[in-house]
Amino acid sequence: MSVPEELHYTAEHEWVAISGSTASVGITDHAQRALGDVVFVSAPAPGAKVTAGEPCGEVESTKSVSDLYSPVDGEVTEVNAEIDDDPGLVNSDPYGAGWLFKISLAEGDGDGELPPGLLSADEYTALTAESGS
Amino acid sequence: MTDHAITDPATTAPATTAPRRTPLTQVHEQLGATLTDFAGWLMPLRYGSETAEHQAVRTAAGLFDLSHMGELMVSGPQAGAALDYALVGNLTALRPGRARYTMICAADGGVLDDLIVYRLADTEFLVVANAANAAAVAALLTDRAAGMNAAVADRTSDYALIAIQGPRCADILGPLTDASLGDVKYYASYPATVAGAPVLLARTGYTGEDGFEIFARPQDAEDIWATLSKAGADHGLVPAGLAARDTLRLEAGMPLFGSELGPGMTPFDAGLGRVVKFDKPGDFVGRAALAERAQAAPERTLVGLVGQSRRVPRHGYSVLWDGAACGTVTSGAPSPTLGAPIAMAYVTPAVAEEAVTEAAAARQDAGRLAVDVRGRAEPARLVPLPFYRRPA
């Protein structure tokens, strides 16, 4: 299972990459493996305000559907249009071409300080090891 | 991300002990399968992409480990009579070498399991039960055979069950067996050899494709699996897990115990009243209740739905007609073959009529039928079952 060092994670199995005041969000390799083939992602629309820890979309796979949570507070600026045509990108490249949406961080979150509640790669690895998978 | 924990209700049992391993579990582990506790057995959910496994079965072939299924042997001079009393089918009428799809019902007509019964000899029947129900069915058969000259034995541990399913299955299996596959009819079984090992070879399955099920000795399972895998690779055969098996059977409109079938439903509810043989001699458990049910107007009808959005109707979701609940989804999944969400659902007969009337199309176009997918009404269309029928 892949858990890139440079990313941050949530306990709900999203990853977030923060660059300046922009956060890119996707689901982790662990999550896509657990879900199986992703067939549809409903991501928040550009302009939507999202709140850390609140559901903001859903991921459908063959066997299940899962809520998607925003890892941070902010406003959605961009949604990965490729996912609509090829949801399998979430499985084949969860940290790359399978990214889901981008958020402009809320005031005060773009000042170099990490938004609260995010996990490091080590913490996330430990979390998924605890769950036994 | 949190999972809405969609599970197969029939198979979700509290894990009190470690799940049982099949004779092939180690092979699945070596193949890197995602394993899951299914009805108390550690089973492969998928090896890679379940969609690719599904499509391989539709276009080439798939190899399944079904060793979790229950094998119950009923033998003795009155074995047939005992099954005629215990089950809704007419098993004494079954010729040796043939098989029947049948059910075991409660006195009130509720379905306790759906079964395939193979008559191996005049006095010997192999009853294949769902894994979650195998012990209960064995106990019921024993009870119902009381006083008759017939013995019931749970032989599940004595069998590995390997299925090879898909249009190329006969091409793959043919050179590896002494059986002449052209003579093995659908729902027939023969003692044969596969990869040199003695097996019971049956032309049955749960995928909507041509296929064989191989009942083998546990010690031969790995060799048979390896031989079929190697021979099948050139034909596009892949190992396929339970996730693909579920979408394959759903496309084929085949009921799953715990979803379309259960103690609260009779065979008639599922549109399978034909499996109840009222004309067989003697009484059988559930006869009176089922006879009444056969005469009564149905309370609900099993139908097929095709979702018109990409959000998938799942087990337990409400079916809506003009916004009011008119039924419940029993199984739903994204269909790899149709490229859209599909579902089976029980709906009121009045709504089910919409599937067959000319005027229905226009009404359906008006979006009156929908499924409540987590709080949002997603339009759906009623379609005749099955969703998929293999090319003749």
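Residues numbered from 1 in each chain as written. Chains lettered and ligands numbered in written order. Predicted model: local features only at pLDDT ≥ 70, side-chain atom pairs only at ≥ 80, totals over all residues.

**Student:** Hey, could you run me through the packing of helix α2 (residues 50-59) of chain B against helix α7 (residues 242-251) of chain B in this one?
**Tutor:** Pairs of packed helices are described in terms of their axes, by the angle between the two and the distance that separates them. All names here are of chain B. Running from N to C, α2 and α7 cross one another at 55 degrees; their axes reach a closest spacing of 8 Å. By the angle between their axes, α2 is oblique relative to α7. The crossing of α2 and α7 is right-handed. Listed contacts from α7 to E50, E53, H54 and V57 of α2 are A243, A244, T247 and L248. For the contact of α2 with α7, a count of residues per class yields four nonpolar, two polar and two charged. (Axes fitted to C-alpha atoms, helices over the stretch in contact; angles between N-to-C directions. Helix = DSSP H or I, 4+ residues; strand = E, 2+ residues; numbered from the N terminus. Parallel < 35°, antiparallel > 145°, perpendicular 65-115°, else oblique. Left-handed = near helix turned anticlockwise from the far one by under 90°. Contact = placed C-beta atoms within 7 Å. Nonpolar A, V, L, I, M, F, W, Y, C, P; charged D, E, K, R; others polar.)

**Student:** Can you walk me through the domain arrangement of chain B in this structure?
**Tutor:** The extent of an interface is frequently quoted as the accessible surface area lost upon association of the parts. The domain boundaries assigned to chain B delineate domain 1 (9-66 + 159-251), domain 2 (70-154) and domain 3 (297-383). The centre of domain 2 of chain B, based on its C-alpha atoms, is set 35 Å off from the matching centre of domain 3 of chain B. (Domains from an automatic or database assignment.)

**Student:** Can you walk me through the sheet that holds strand β8 (residues 74-79) of chain A in this structure?
**Tutor:** One key point about sheets: their strands pair by backbone hydrogen bonds, in either a parallel or an antiparallel sense. Residues and elements named next belong to chain A. In space, the six strands of this open sheet follow the order β1-β2-β3-β9-β8-β5, with antiparallel pairing throughout. This sheet does not close on itself; its edge strands, each paired only once, are β1 (8-9) and β5 (49-50). Sheet analysis places β5 next to β8, joined by two bridges and oriented antiparallel. Its bridge partner lying in β8, V50 is registered against G74. (Pairing = 2+ DSSP bridges.)

**Student:** What exactly am I supposed to notice about the interface of chain B and chain A here?
**Tutor:** Each partner contributes residues to the interface: chain B has 18 residues there, and chain A has 20 residues. Where the side of chain B that touches chain A is concerned, the elements lending two or more residues are β1 (2-3), α2, α7 and β17 (324-335) of chain B. Among the residues making up the side of chain B that touches chain A, the classes are represented as six nonpolar, six polar and six charged.

**Student:** Teacher, can you tell me more about the environment of B:R249 here?
**Tutor:** All names here are of chain B. Structurally, the position occupied by R249 is in helix α7. Between the alpha carbons of R249 and R374 there is a distance of 25 Å; along the sequence they are 125 residues apart. For R249, the residues in contact, after removing those within four places along its chain, are Y206, T207, M254 and L256.

**Student:** In this structure, what is going on with the pairing of strand β4 (residues 61-65) of chain B? I would like to understand it.
**Tutor:** When a strand is regular, its side chains alternate between the sheet's two faces. Of all five residues that make up β4(B), five are buried, and the element is covered over most of its length. Where burial is concerned, the two faces of β4(B) agree: the one with B:A61, B:L63 and B:D65 and the one with B:G62 and B:F64 are both buried. (Buried ≥ 20, exposed ≤ 12 C-beta atoms within 10 Å, placed from the backbone.)

**Student:** I would appreciate a short explanation of the sheet that holds strand β13 (residues 211-216) of chain B in the present structure.
**Tutor:** Residues and elements named next belong to chain B. Pairing is mixed across the open sheet formed by six strands, whose spatial order is β11-β12-β13-β10-β4-β14. Single-partner strands in this sheet number two, and they are β11 (189-194) and β14 (237-239). On average, each strand axis in the sheet is tilted by 25 degrees relative to the strand beside it, whichever way the strands run. Where strand β12 (residues 197-202) meets β13, four bridges bridge the pair, whose relative direction is antiparallel. Opposite V199, over in β13, you have A216 as the bridge partner.

**Student:** Would you mind going over the confidence of the model for chain B with me for this structure?
**Tutor:** Close inspection of predicted coordinates is inappropriate in any region flagged by low pLDDT. With 93% of its residues at a pLDDT of 70 or more, chain B shows a mean pLDDT of 93. This prediction of the complex comes with two scores: 0.93 for pTM and 0.87 for ipTM. (pLDDT = per-residue confidence, 0-100.)

**Student:** What am I meant to see in the pairing of strand β9 (residues 101-105) of chain A here?
**Tutor:** Two strands pair when backbone bridges link them, and strand β3 (residues 22-27) of chain A and β9(A) are joined in this way by four bridges, in the antiparallel orientation. Bridge assignment links A:A23 to a residue of β9(A), and that residue is A:I103.

**Student:** I tried to follow the environment of A:K102 on my own but got confused; where do I start?
**Tutor:** Residues and elements named next belong to chain A. Mapped onto the elements of the fold, K102 is located in strand β9. Exposure remark for K102: the 19 C-beta atoms within 10 Å place this residue in the partly exposed category. Sequence separation between K102 and E130 is 28 residues, and the spatial gap between their C-alpha atoms is 29 Å. If sequence neighbours within four positions are ignored, K102 has contacts with T22, A23, S24, T77 and E78.

**Student:** Sorry if this is basic, but what is going on with unusual backbone geometry here?
**Tutor:** The phi angle of most residues is negative, glycine excepted, and most peptide bonds adopt the trans form. Residue and element names in this part refer to chain B. For the peptide bond that leads from L385 to P386, omega is 0 degrees, which places it in the cis range. Non-glycine residue A195 carries a positive phi angle of around 55 degrees. Its place among the elements puts A195 in the loop between β11 and β12. Positive phi, close to 50 degrees, is recorded for R374, a residue that is not glycine. Position of R374 relative to the elements: it lies in the loop between β19 (369-373) and β20 (376-383).

**Student:** I keep staring at the environment of B:I214 and nothing clicks. Help me out?
**Tutor:** Residue and element names in this part refer to chain B. Mapped onto the fold, I214 is located in strand β13. Looking at I214, the number of C-beta atoms within 10 Å reads 27, which means it is buried. The sequence separation of I214 and A202 amounts to twelve residues, and the corresponding C-alpha distance is 6.4 Å.

**Student:** Looking at this structure, I do not really get helix α3 (residues 79-86) of chain B. What am I missing?
**Tutor:** In an α-helix, one full turn covers 3.6 residues, which means residues spaced three or four apart are oriented alike. All names here are of chain B. In terms of burial, α3 is a largely internal element, seven of the eight residues being buried. Every buried residue of α3 is listed here: A79, G80, A82, L83, D84, Y85 and A86. Packing partners of the buried residues in α3 comprise β5 (70-75), β6 (99-105), β7 (111-121), β8 (124-129) and α4 (134-144).

**Student:** What is the right way to look at the packing of α3(B) against α4(B) in this model?
**Tutor:** Residue and element names in this part refer to chain B. At a minimum axis separation of 9 Å, α3 and α4 run at an interaxial angle of 110 degrees. Between α3 and α4, the crossing angle belongs to the class labelled roughly perpendicular. α4 is crossed by α3, and the crossing has right-handed handedness. Two secondary-structure elements touch here, α3 through A82, Y85 and A86 and α4 through L140, L141 and R144. Residues of the contact of α3 with α4, tallied by class, amount to five nonpolar, no polar and one charged.

**Student:** I keep staring at α7(B) and nothing clicks. Help me out?
**Tutor:** All names here are of chain B. When you tally the buried positions in α7, you get nine out of ten residues, the bulk of the element. Taken residue by residue, α7 has L242, A243, A244, R245, D246, T247, L248, L250 and E251 as its buried positions. Structurally, α7 contributes buried residues whose contacts are with β2 (34-38), β3 (41-46), α2, β4, β17 and β18 (340-347). Following α7 by one or two positions, G253 has its phi on the positive side, about 70 degrees.

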